[in-house]
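Here's the letter readout for the chains.
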Amino acid sequence: MAFDMYLDNRREKIDYHEEGIFNLIEDNEDFPKLNYIWREFYDSPKITPETANELVHELLALNELVAKNKKYGHFESIIKRLVPFFSAAYRGGKTIECAGD
């Protein structure tokens, strides 16, 4: 199922084939905000600017882990898409509206 995110006129999503990214961090306390998104995936959460900023940092840390293991290289593209999106929410002081299928 897709997880759609909206920020003003911008849209980003985590598609069903990208959900595996959450398996990498599941229950890892180094990624509390990513785990929050996974827990709330189908409940259409709102992502505050502060949470968006924390997500940027968690995604950058996750990218380091992914880069060390070629097996997970396919997750680099989703990380590269999401970092600027969450960063824009933080910098703009705007809340991201979400909708999970």
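In what follows, the structure referred to is the one given above.
To keep things clear, this report deals only with the structure shown in the data block. As the structure is a prediction and not an experimental result, all values here were calculated from the model.

## What to know about unusual backbone geometry
Phi at Asp 27 is positive, roughly 65 degrees, even though this residue is not glycine. With phi around 50 degrees, Ser 44 is a residue other than glycine that occupies positive phi space. With respect to the helices and strands, the residue Ser 44 is situated in the loop between helix H2 (32–39) and strand S3 (46–47).

## Examining the pattern of salt bridges
Oppositely charged side chains can pair when the atoms bearing their charge come close. One pass over the structure, following the stated rule, counts six salt bridges. Taking the shortest distance from any N to any O, the salt bridge between Asp 4 and Arg 11 comes out at 2.6 Å. Through salt bridges with shared partners, a single network forms among Glu 12, Glu 18 and Arg 81.

## Structural notes on the environment of Tyr 16
Here Tyr 16 shows up in the loop between strand S2 (10–14) and helix H1 (21–25). C-alpha separation for the pair Tyr 16 and Phe 3, spaced 13 residues apart in sequence, amounts to 7.9 Å.

## Focus: the packing of H2 against helix H3 (residues 49–67)
The description of two packed helices rests on the angle between their axes and on the distance between the axes. At a minimum axis distance of 8 Å, the contact between H2 and H3 shows a crossing angle of 105 degrees. Relative to H3, H2 is oriented roughly perpendicular. Across from Pro 32, Lys 33, Leu 34 and Ile 37 in H2, the residues of H3 making contact are Thr 51, Glu 54, Leu 55, Glu 58, Leu 59 and Leu 62. The residue inventory of the contact of H2 with H3, partitioned by class, reads six nonpolar, one polar and three charged.

The rules behind these values
- Residues numbered from 1 in each chain as written.
- Predicted model: local features only at pLDDT ≥ 70, side-chain atom pairs only at ≥ 80, totals over all residues.
- Heavy atoms only, no water.
- Helix = DSSP H or I, 4+ residues; strand = E, 2+ residues; numbered from the N terminus.
- Salt bridge = Lys/Arg side-chain N within 4 Å of Asp/Glu carboxyl O.
- Axes fitted to C-alpha atoms, helices over the stretch in contact; angles between N-to-C directions.
- Parallel < 35°, antiparallel > 145°, perpendicular 65-115°, else oblique.
- Contact = heavy atoms within 4.5 Å.
- Nonpolar A, V, L, I, M, F, W, Y, C, P; charged D, E, K, R; others polar.

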